[in-house]
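Given next are the chains, with one letter for each unit.
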Amino acid sequence: MLDSVTNLRDLLKDPSLLATQAYVAGEWVDAADGATFEVTNPARGDVIARVPNLTRADAARAIAAAAVAQKEWAARTGKERAAIMRKWFDLMMANQDDLGIILCAEMGKPLAEAKGEIAYGASFIEWFGEEAKRVYGETIPGHQRDKRITVIKQPIGVVASITPWNFPNAMITRKCAPALAVGCGFVARPAAETPLSALALAVLAERAGLPKGIFSVITSARASDIGKEFCENPIVRKLTFTGSTEVGRILLRQAAEQVMKCSMELGGNAPFIVFDDADLDKAVEGAMISKFRNNGQTCVCANRIYVQAGVYDAFAEKLKAAVAKTSVGDGLKDSVQFGPLINMDALEKVEEHIADAKAKGAKVVLGGARHELGGSFFQPTVLTGVTDAMAVTSEETFGPVAPLFKFDTEEEVIAKANDTIFGLASYFYARDIGRITRVQEQLEYGMVGVNTGLISTEVAPFGGVKQSGLGREGSHHGMEDYLEMKYICLSV
Ligand SMILES: NC(=O)C1=CN([C@@H]2O[C@H](COP(=O)(O)OP(=O)(O)OC[C@H]3O[C@@H](n4cnc5c(N)ncnc54)[C@H](OP(=O)(O)O)[C@@H]3O)[C@@H](O)[C@H]2O)C=CC1
Ligand SMILES: O=C(O)[C@H](O)CS(=O)(=O)O
């Protein structure tokens, strides 16, 4: 790999994918006052681009344009919309390397993993493009002889989207794909840390033939202002958000004023349970994926690892050995498993969790400190002797820390696993079919991985219960969040 990213464009086969203007109402624009904000590479801290710092007025313009474009877009057939989405998918995959480089540069995840996210993000465009042709209604036997009842489904209208930095491509496509497939307009506001992946998506959307105005990308460091416009603008019919539960609450309060429909993909605190009848090698493999994917910066990563007493020491040794084989570095330059954390705030939260655990009796068996590379690089860490009194039990670490808890009985660990306000993802390893059946039914989570640490796919309904969110993304269920059901009663 090239040993510098001082000029990101030099790394790209197609430099035009690195857009540095916002995409509003079908036009590439600067902020009216020329204001910009910097996008930095977390691996080196250098500025890789400057993009417009747009305002509420720009967001309002994008929303108004989406409302106009949406009428014609919804009037097209599902097949017509599907054809354009297929072209968009094909363009994403044809430019996977460049999109991966842009994503790696602005977010820090290693290039191989970044390219993997591009394929994952593109899979939603492909899947929902196909589903565009299958928005079915129904007829219902009338309640009176002269009544004929039909139910049709129609696009909800203009959708506003706010997404986080950790999956800057896939979190947008997981939302815009079903919305556009059913005929909605879509206004995206990506995290300020990672706007470039969203803008590259817009470049390819334009090339694929998405009509002007149907899809906008609002780059802005004014998160709260843009969020307020999304919640208060009467044209917006739906808000879809992925991020922390804390911000989700703020947005729900703001959206309540208009009784706006909301989809919320929020925080997690996933338990990862290893029973004494588990295949320990497979459990370690699953823990490595679930805990350390994206450097632990995923909402579905294992946040608490519970291991039954009889296999605790063996599992801890195996996990430590597996983590010790990994490497940390600049994902653009080297073939590494771990890049930097997104910023120093994230690193300091990881340090706080480790310090708290150590102060309350946990043992650091691997890692536990900042990496010698400096900046926001951190050593992948394994803790043993972790107890419920520690912060890692109730707070989302969002970093490369594997805390191992010991438990004795099935009843005990299910109670502990469920003792959280979150309910997004959960995982367990066992081989007894009775145990598998009991545990999968008793875990209070929207998603359960049984003998696997990786459950995310476009074909399944992704989402949480309790304070991990509202609604589902992915699968044919994901279409419903962007459709309104209309009951028609015809008197003949
Ligand atoms: N359930 C899921 O699928 C996912 C959940 N998450 C959760 O999100 C957290 C980590 O991601 P992180 O980005 O830090 O989460 P945040 O909730 O801080 O930010 C998410 C997005 O919301 C924006 N935002 C922040 N405050 C406001 C506001 N007042 N009004 C409108 N928008 C706002 C952010 O903008 P900006 O960054 O520019 O400030 C960002 O674009 C973790 O808790 C993680 O579990 C993350 C990804 C997926
Ligand atoms: O933002 C996230 O953490 C994603 O939802 C995780 S996943 O979809 O890649 O599993």
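Residues numbered from 1 in each chain as written. Chains lettered and ligands numbered in written order. Predicted model: local features only at pLDDT ≥ 70, side-chain atom pairs only at ≥ 80, totals over all residues. Heavy atoms only, no water.

Named according to an unreviewed UniProt entry, the protein is NAD-dependent succinate-semialdehyde dehydrogenase originating from Fuscibacter oryzae. According to its UniProt record, the protein has this under Sequence similarities (unreviewed entry): "Belongs to the aldehyde dehydrogenase family." (UniProt positions renumbered as here; feature names shortened; annotations may be inferred.)

Peer 1: Before we move on, could you go through the overall build of the protein and cite the residues and values that matter?
Peer 2: Helix and strand counts for the protein stand at 15 helices and 20 strands. Over its C-alpha atoms the protein spans a radius of gyration of 23 Å, differing by no more than 12% from the 23 Å that the globule rule assigns to 492 residues. Overall, the C-alpha framework of the protein stretches about 70 × 65 × 40 Å when taken along its three principal axes. Burial statistics for the protein: of 492 residues in total, 58% are counted as buried. (Helix = DSSP H or I, 4+ residues; strand = E, 2+ residues; numbered from the N terminus. Rg over C-alpha atoms; globule rule 2.2 N^0.38 Å. Buried < 20%, exposed > 50% of the residue type's maximum accessible area, 1.4 Å probe, protein only.)

Peer 1: Describe the site of ligand 2, naming the residues involved and giving the relevant values.
Peer 2: The full set of residues close to ligand 2 is Y120, N166, F167, M171, R174, R293, T298, C299, V300, S456 and F462. In this structure, R293 approaches ligand 2 through a side-chain N or O atom, which is 2.7 Å from an oxygen atom. Here an oxygen atom of ligand 2 and a backbone polar atom of C299 are 2.8 Å apart. Taken by itself ligand 2 offers 290 Å² of open surface, and the protein chains cover 99% of this. Within the shell around ligand 2, the residues separate by chemical class into six nonpolar, three polar and two charged. (Near = heavy atom within 4 Å. Polar contact = N/O pair within 3.5 Å; in protein donor to acceptor, adjacent residues only side chain to side chain. Areas by Shrake-Rupley, 256 points an atom, 1.4 Å probe, with all protein chains shown as cover. Nonpolar A, V, L, I, M, F, W, Y, C, P; charged D, E, K, R; others polar.)

Peer 1: Describe unusual backbone geometry, and please don't skip the residues or the numbers.
Peer 2: Phi is positive for A25, close to 55°, though the residue is something other than glycine. Relative to the helices and strands, A25 is located in the loop between β1 (22-24) and β2 (27-29). Of note, the phi angle at V259 is positive, near 50°, even though the residue is not glycine. Judged by relative accessible area, V259 falls into the exposed class, the value being 72%.

Peer 1: Break down the site of ligand 1 for me, citing the residues and quoting the values.
Peer 2: Near ligand 1 you find 28 residues, and of these T163, R189, S244, L266 and E396 are the closest. Here an oxygen atom of ligand 1 and a side-chain polar atom of W165 are 3.1 Å apart. In isolation ligand 1 has 890 Å² of accessible area, and contact with the protein removes 85% of it. Those elements that place two or more of their residues in the shell around ligand 1 are α7 (223-232), β10 (236-242) and α8 (245-256). At three residues, α7 tops the list of elements feeding residues into the shell around ligand 1.

Peer 1: Just give me the short version of the UniProt feature "active site" (unreviewed entry) in the protein, but keep the residues and values in it.
Peer 2: Under the feature "active site" (unreviewed entry), the UniProt entry names E265. Here E265 falls in the buried class, since its relative accessible area comes to 3%.

Peer 1: Which residues make up the nonpolar core, and what values go with them?
Peer 2: In terms of nonpolar packing, the biggest core is built from 100 residues, with W88, L180, F186, L196, L210, F215 and I273 touching the most fellow members. Element by element, the count of residues in this core is highest for helix α6 (residues 196-208), at 10 residues. If we ignore the near neighbours within four places in the chain, the residues touching L210 are W73, I84, W88, L180, A205 and F215. Core analysis: the second largest hydrophobic core is formed by 36 residues, F272, L366, M447 and F462 among them. (Core = buried A, V, L, I, M, F, W, Y, C linked by side-chain atoms within 4.5 Å. Contact = heavy atoms within 4.5 Å.)

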